[in-house]
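Coordinates in review
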Amino acid sequence: MRAHAQAAQATQLVDWITDGGDNQRTGWNRDEKILTKDNVKNLKLLWKLQTDNEPRALHSLLPVLVVGRLKTASGPKQVGFVAGISDNLYAFDVDTGKVIWQKHWTYEPPAPPPGFGGGRGQPQPRDPRHLGFLRPGGSSDTPVIGPPDAQGRRTIYFVTGDGMLHMLDAADGTDLQPPFKFHEGKGWALNLVGNTLWMADTYAGISIAAVKLDDPQHKVMTYNAGSGGAWGRRGAVIDSQGIAYSTTGDGVYDPTSDPPRYGNSVIGVKIDGNDLKLIDYYTPRNWDWLRKRDLDPNNTPTIFTYKGRELMAASGKECRMYLLDPKSLGGADHQTPMFKSDLFCNEEVDFQDAGSWGALSTWEDASGTRWVLAPFWGPVHSQFKAPIMNSPAPKEGGVVAFKVEEKDGAPQLTPAWISRDMHRGEPVVIVNGVVFGYGSGEYTGQSFADVGLQFDSTIRASKGTRAVIYALDAGTGQELWSSGDQMQQWNHFSGITAVNGRVYLGTYDGTLYCFGVTP
């Protein structure tokens, strides 16, 4: 009987093999069979894994990926994977939290640009904890795992800080193919679409890169929007036509310049022969005001279908929500969205401690209602109201939920609920009517009264508190459970994972926490 139950449970285990769960970056785990609204109150700390990953600047561990049933030397197992900023990759047994294999890569680090240190004009620090948080170096990309090959092997794709793409057997970490140069920079979560690998990038002279894995020449295709870097934490987002979209950072909008420049925008590119070609873009009319106040759109958008129509939701530090049509992102003038919301946070016009950061998420409930959720930092805007305002009211951050509704024949986003207060609300995942989010506990200030703008990351690191995970009712935002004081440190630009009855989150000190319920 016990063997039968274990076999039945194994057949229910699902994969979570890319950041956000899919290439549309929805954050919706629609196949989860274990976590429910009824049992999340029973979540307990199952184990914690202390890795040997050393922080670089403020970065440490990245979001966890999971293969529900992986062939290993000791039989089929549910295996998790977590990358560390210092060019580390760990595979662990989900049941025990024990490391199955780990890899660490070394290389000659690229020369830093001028002023890349503890502050402007300061030399490069030797201790990576003192590095500037804008350019930490190391491996900042969340890996992606491919489907089984003919032998049943799963490939995990990972880019180290020197820009090398490594293709490893997920079962034991051995190289399945020789590594090759992809792209240096501050890369974000990788996408695998068919046989093409995508990466949005920052500080690399490009906005997005792609490579066809079956190309024997490994030609890397790139597109440069001519602006600041891409900051969306879940990387690029891919629509049904294979167009890859990314937000761009602070910069000038001038499509007539040579080359053209698309700062503070959403751009869409597609493979054309052996190159990336700009297909479409959207730029807010107030782009220059955003640029001057450092309010770039640093969220990964999400793509979804509403009443048979593909739509995109986007946001950023200004703290508005946009609905865009992938068939014509900004209309004929590239500056007219389908819908633009009122400000929902950042009333203070703050570039560092407020705004919506990271990534948007979306899901559809049993009644067919489509929801879009945005994390945010700082208090809710005083003029923004939702039918359900949970308490304590957000002062340090939280999550806001919108419903997609139709008005006068056009889709719009209608506020539905605002979560309780979280210390810096971060991107969420949705499982069976439960929203799993967290407050990072990070101190996000970048400028100080005594030293001005200061990039020595240890200043911020010393002021962090602790990360707290929250399980919320996806229909109301009501708190169902929290991790309370069980996590001992904060994190920076990471992400939460919820799959197969377990919830994972890492912290600055290299500790990976696993909370779970008994099926």
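Now for a description of the structure that goes with this document. (Residues numbered from 1 in each chain as written. Predicted model: local features only at pLDDT ≥ 70, side-chain atom pairs only at ≥ 80, totals over all residues. Heavy atoms only, no water.)

**Focus on the sheet that holds strand 35 (residues 468-473)**
Sheets are built from strands that pair by backbone hydrogen bonding, the pairs being arranged parallel or antiparallel. One open sheet holds the four strands; their spatial order is 31-32-35-36, and the pairing between them is antiparallel. Each of the sheet's edge strands pairs with one partner strand only, and the pair in question is strand 31 (429-431) and strand 36 (479-482). Here the average twist between neighbouring strands, direction ignored, is 25 degrees. In this sheet, strand 36 lies alongside strand 35 in antiparallel orientation, the contact comprising three bridges. (Pairing = 2+ DSSP bridges. Helix = DSSP H or I, 4+ residues; strand = E, 2+ residues; numbered from the N terminus. Axes fitted to C-alpha atoms, helices over the stretch in contact; angles between N-to-C directions.)

**Topic: the environment of Pro 136**
For Pro 136, the position within the fold is in the loop between strand 5 (99-104) and strand 6 (144-145). With 112 residues separating them in the primary sequence, Pro 136 and Thr 248 have C-alpha atoms 19 Å apart. Apart from the residues lying within four places of it in its own chain, the contact partners of Pro 136 are Arg 56, Ala 57, His 59, Leu 131 and Lys 186. (Contact = heavy atoms within 4.5 Å.)

**Comments concerning the nonpolar core**
Counting 54 residues, the largest nonpolar core has Phe 81, Phe 436 and Tyr 504 as its most contacted members. Beyond its immediate stretch of four places on either side in the chain, Phe 81 contacts Pro 63, Val 64, Leu 65, Val 67, Leu 70, Tyr 90, Ala 91, Phe 92, Trp 101, Ile 145, Ile 156 and Ala 170. Phe 304, Cys 345, Ala 374 and Ile 418 belong to the second largest nonpolar core, which has 22 residues in total. (Core = buried A, V, L, I, M, F, W, Y, C linked by side-chain atoms within 4.5 Å. Buried < 20%, exposed > 50% of the residue type's maximum accessible area, 1.4 Å probe, protein only.)

**Quick word on the environment of Gly 161**
Along the chain, Gly 161 turns up in the loop between strand 7 (155-159) and strand 8 (164-169). Once the C-alpha coordinates of Gly 161 and Pro 136 are considered, the two residues, 25 residues apart in sequence, prove to be 9.6 Å apart. Leave out the neighbours within four places in its chain, and Gly 161 touches Asp 87, Tyr 107, Gly 138, Ser 139 and Glu 184.

**A short note on the side chain of Ser 361**
By the element assignment, Ser 361 lies in strand 26 (residues 361-364). A polar contact is formed between the side chain of Ser 361 and the backbone oxygen of Val 428, at a distance of 2.7 Å. The contact partners of Ser 361, leaving out residues within four places of it in the chain, are Thr 26, Gly 27, Arg 234, Thr 302, Trp 371, Val 372, Leu 373, Val 428 and Ile 430. (Polar contact = N/O pair within 3.5 Å; in protein donor to acceptor, adjacent residues only side chain to side chain.)

**Brief notes about the sheet that holds strand 3 (residues 75-84)**
An order of 2-3-4-5 is seen for the four strands of this open sheet, with the pairing classed as antiparallel. Both edges of this open sheet fall to strand 2 (65-72) and strand 5, since each of them pairs with a single strand only. Each strand of the sheet is rotated relative to its neighbour by a mean of 25 degrees, with strand direction disregarded. Bridge count between strand 2 and strand 3: six bridges; the pairing is antiparallel. Bridging across to strand 3, Leu 65 finds its partner in Phe 81.

**Digging into the pairing of strand 11 (residues 196-200)**
The element strand 11 is extensively covered by neighbouring structure, given that five of its five residues are classed as buried. Here strand 11 shows no split at all, with Thr 196, Trp 198 and Ala 200 on one side and Leu 197 and Met 199 on the other all buried. Relative to strand 11, strand 10 (residues 190-193) is paired through four bridges, and the arrangement is antiparallel. The residue of strand 11 that forms the bridge with Leu 192 is Leu 197.

Keep in mind that these numbers describe shape and distance, not what the molecule does.
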